[in-house]
Amino acid sequence: MRFLLGLLLLTSVALAERPNIIAVLTDDQGIGDVGVHGNKKIRTPAIDEFARDGIQMTRFYVEPVCAPTRAALMTGRYHYRTGVIHTSRGGAKMAADEKTLAEYLKEVGYRTGIFGKWHLGDNYPMRPQDQGFTESLVHKSGGIGQTPDKPNSYFNPVLWQNGRRVQAQGYCTDVFFDAAIEFIEGSTKESFFAYIPLNAPHTPLEIAPRYTENYLAMGLNETTSKVYGMIENIDDNFQRLIDRLDVLGIRDNTVVIFMTDNGAQQARFNAGFRGRKSHVYEGGIRVPFYLQWPSEFKRPAKINTLGGHIDLLPTLLDFTAYQGPVPHSLDGTSLRQAMHGRVKSWPDRSLIFQVHRGLQPNPFQNCAVVSQQYKLVGNPGTFGRESLPSNSNQLELYDLASDPAETKDLAAAKPDILRKLKADYQAWFKSVEASRQFTPERIHIGNPAEDPLVLSRYQDSKYVDGKPVGWDVVIEQSGRYRLSINRAETESSGRIHMRINDRVQTRPVLPGGNSATFTLPSGKGSLEIWYQADGAKRTHVTNNGTVGNVTLTKLF
């Protein structure tokens, strides 16, 4: 009994000492979009003060676009291992058996909440509430106002709270911070993890005029003025968050992180770096990363040690003294000792980055291998292509220590270093391919956790040669389902076609209708659904819209 009481006492002390964790992640805010990085026009006093008073990781890297970065942050693993390939068209569906940061922390007693942009799957079993978050307030897909979130607005947006559709009131960033602060206020008696992945300043660029007037008066163009206004609003909310932690008396034992998910989308001040969003040059993958934990880190510091998205999870697990099961091997490492400046024996590792369109990653396409000093860039500017010509082999080499702006290609001058980084990449590519063979998660149909469910044509259907070819699914329960398709116009008569694997069923649809009942067999398969007007040829809708989206409701 005495041993048991002692064990319980030790456990309660350990729980009490675990820090709270808040991670703020902004969307498309580049390395030059803060005042502390030399931007003389943007107003970010709260973020700047937070950076100067905390730990600044000056060499922190992410993927050049958002969903891959988010997958790595949540799992401590390269995104290709998780089933996430890119951002849409079937490529942003993270495997349900990946263990997320929320699941790790929930396992040891944390309250977990997400407020903002998830972008790792909108259907069961990939939603945040399926992946460890006990509280969630999110929008769908990659952004408010994008499919399948159309129509929607940054003002008074339609959101999803714990899986239920809600009509929010106010500007989206304000709404997400309000919800996060309310969650924090309700968690003062237990450790909490508040993940605040914002959709701002991602397009569409919507912000109250009072936030843009000052920038327009400076002579900045409308686009930059709106982006800076959206970031200034983030800064106001970030200050509100910090002030609330002070009022609650919990700031000393709360880890607060501010970072961004990739480089700036539009051309503007970039702190002297080359490239932006989708590029693997520094301006696309090197981002702000600031951290404060007053009880652990007593003094401000600028840390030049190489770090990246895969390191966030192992670092935070280190902070919480996590000792539970880790089902998949982690790619990242804890940066705790580096943040303390203890780097005399720190290994000179390589971090590797790659994203491009299409569901089959191609070796050396739009990739980068970053070491502490050198960087290999492979086939830059090919993000938007599904494939490379067979003779494409553009490899560049830069010395980041002397040339952070990447102006002098040293590939011909330093073949040994190029060969070493090339070998690192080849070993990495082989390893990540072996994890899941670049296969995204399947959407589950017939599970009571999501009924009805929406299949988004643009976001989640597989695309081959630029055309949607259906959804990879698991039909958990065979039976009759009502399929309702967005067919744009409803004046014509025609037929809804449903193909599951090689079996095709069709049902007539009269003018004014858009639905029919089909029998779906259980099991895995490729599900394709389309509408075809009588007497017309089939057309493939390919744009970023809602035409072609399908709602499935299980009848019996």
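Summary of the structure given here. Along every chain, residues carry numbers that run from 1 in the direction the sequence is written. In view of the model being predicted, local features appear only for residues whose pLDDT reaches at least 70, and side-chain atom pairs are presented and counted only at 80 or more, with totals across whole chains, interfaces and linings using the full set of residues. To get the side-chain values, all heavy atoms of the structure are used, and hydrogens and water are removed first.

Considerations on the overall build of the chain
Thinking step 1. Scanning the chain from N- to C-terminus turns up 13 helices and 27 strands.
Thinking step 2. We take the radius of gyration over the C-alpha atoms and set the globule estimate at 2.2 Å times the residue count to the 0.38 power. In summary, the chain has a C-alpha radius of gyration of 24 Å against a globular reference of 24 Å for 556 residues, a match within 12%.
Thinking step 3. Counting only C-alpha atoms, the chain reaches 70 × 70 × 60 Å along its principal axes.
Thinking step 4. Relative accessible area decides the class of each residue, using a 1.4 Å probe on protein chains only: under 20% of the type maximum gives buried, over 50% gives exposed, and in between gives partly exposed. Burial statistics for the chain: of 556 residues in total, 57% are counted as buried.
Thinking step 5. Note on contacts: a residue pair is in contact if any heavy atoms of the two residues lie within 4.5 Å. Here the analysis covers contacts within the chain between residues at least 6 apart in sequence; of these, 70% occur between residues at least 24 apart. We count a stretch as a helix when DSSP gives it H or I for four or more residues in a row; a strand needs E for two or more, and each element gets its number in order from the N terminus.

A word on the packing of aromatic side chains
Thinking step 1. Only rings of Phe, Tyr and Trp enter the pairing, Trp through its six-membered ring, and a pair is recorded when the two centres are within 6.5 Å. The plane angle decides the type: under 30 degrees is stacked, over 60 is edge-to-face, the rest tilted. Applying the stated rule across the entire model yields 28 aromatic pairs.
Thinking step 2. Between F50 and F238, the ring centres sit 5.0 Å apart and the planes meet at 90°, which makes this aromatic pair edge-to-face. You can see F50 sitting in helix α2 (residues 45–53) and its partner F238 sitting in helix α8 (residues 222–248), a full 188 residues away along the chain.
Thinking step 3. Both rings, one in Y281 and one in Y398, keep their centres 6.4 Å apart while their planes meet at 75°; by these two values the pair is edge-to-face. Remark: Y398 occurs in strand β16 (residues 395–399) and Y281 occurs in the loop between β9 (254–260) and α9 (282–285); sequence separation between them is 117 residues.
Thinking step 4. The exposure class of Y398 is buried, given its relative accessible area of 3%.

Let's talk about helix α6 (residues 172–185)
Thinking step 1. If you check α6, its first and last C-alpha atoms are 20 Å apart, about what 14 residues at 1.5 Å a residue would give, namely 20 Å.
Thinking step 2. Of all 14 residues in α6, 10 are buried, a share of seventy percent or more.
Thinking step 3. For α6, the complete set of buried residues consists of C172, T173, V175, F176, F177, A179, A180, I181, F183 and I184.
Thinking step 4. Residues of α6 that are buried sit in contact with β1 (20–26), β4 (111–117), β5 (135–139), β6 (158–161), β8 (192–197) and α8. The length a helix should cover is 1.5 Å for every residue beyond the first.

Digging into the sheet that holds strand β10 (residues 289–292)
Thinking step 1. Strand order across the open sheet formed by 10 strands is β7-β6-β5-β4-β8-β1-β9-β10-β2-β11, with mixed pairing between neighbours. Looking at the sheet topology across the chains shown, the edges are occupied by β7 (164–167) and β11 (301–303). Each strand axis lies, on average, 15° off the axis of its neighbour in the sheet, ignoring direction.
Thinking step 2. By definition, two strands form a pair when at least two bridges between them are found by DSSP. Direction of pairing for β1 relative to β8: parallel, over a ladder of 5 bridges. Paired with I22 across the strands is A194, a residue of β8.
Thinking step 3. Working convention: axes come from line fits to C-alpha atoms, limited for helices to the stretch in contact. Angles between N-to-C directions cover 0 to 180 degrees. Of the strands in this sheet, β1, β8 and β9 are in contact with α8, which crosses β9 at around 175°.
Thinking step 4. Here helix α10 (residues 312–319) sits on the sheet in contact with β1, β9 and β10, set at roughly 170° to β9.

Quick word on the sheet that holds strand β13 (residues 351–354)
Thinking step 1. Spatial strand order, β13-β14-β15-β16: 4 strands in an open sheet with antiparallel pairing. Looking at strand neighbours, the two that pair on one side only are β13 and β16, the edges of this open sheet. With direction set aside, neighbouring strand axes in the sheet form an average angle of 15°.
Thinking step 2. Where strand β14 (residues 367–370) lies against strand β15 (residues 374–378), 4 bridges are found, and the strand directions are antiparallel. Each bridged residue has a counterpart across the sheet, and for A368 the counterpart in β15 is V377.

Considering the pattern of salt bridges
Thinking step 1. The term salt bridge refers to a pairing of a side-chain nitrogen on Lys or Arg with a carboxyl oxygen on Asp or Glu at a separation within 4 Å. Evaluated as defined, the whole model comprises 29 salt bridges.
Thinking step 2. Here R77 ties to E98 by a salt bridge, and the two come within 2.9 Å at their closest N and O atoms. Taken together, the residues span a long stretch of sequence, with R77 in the loop between α3 (66–75) and α4 (79–82) and E98 in the loop between α4 and α5 (101–107) at a distance of 21 residues.
Thinking step 3. On the accessibility criterion, R77 (6% relative accessible area) is buried.
Thinking step 4. Salt-bridge contacts for D472 lead to K462; the nearest nitrogen and oxygen are separated by 3.3 Å. On the criterion of sequence distance, the pair formed by D472 in strand β21 (residues 471–475) and K462 in the loop between α13 (457–460) and β19 (463–464) is long-range, its members being 10 residues apart.
Thinking step 5. Using a relative accessible area of 16% as the deciding quantity, one classes D472 as buried.
Thinking step 6. By sharing partners, the salt bridges in this structure join D27, R70, K117 and D261 into a single network.

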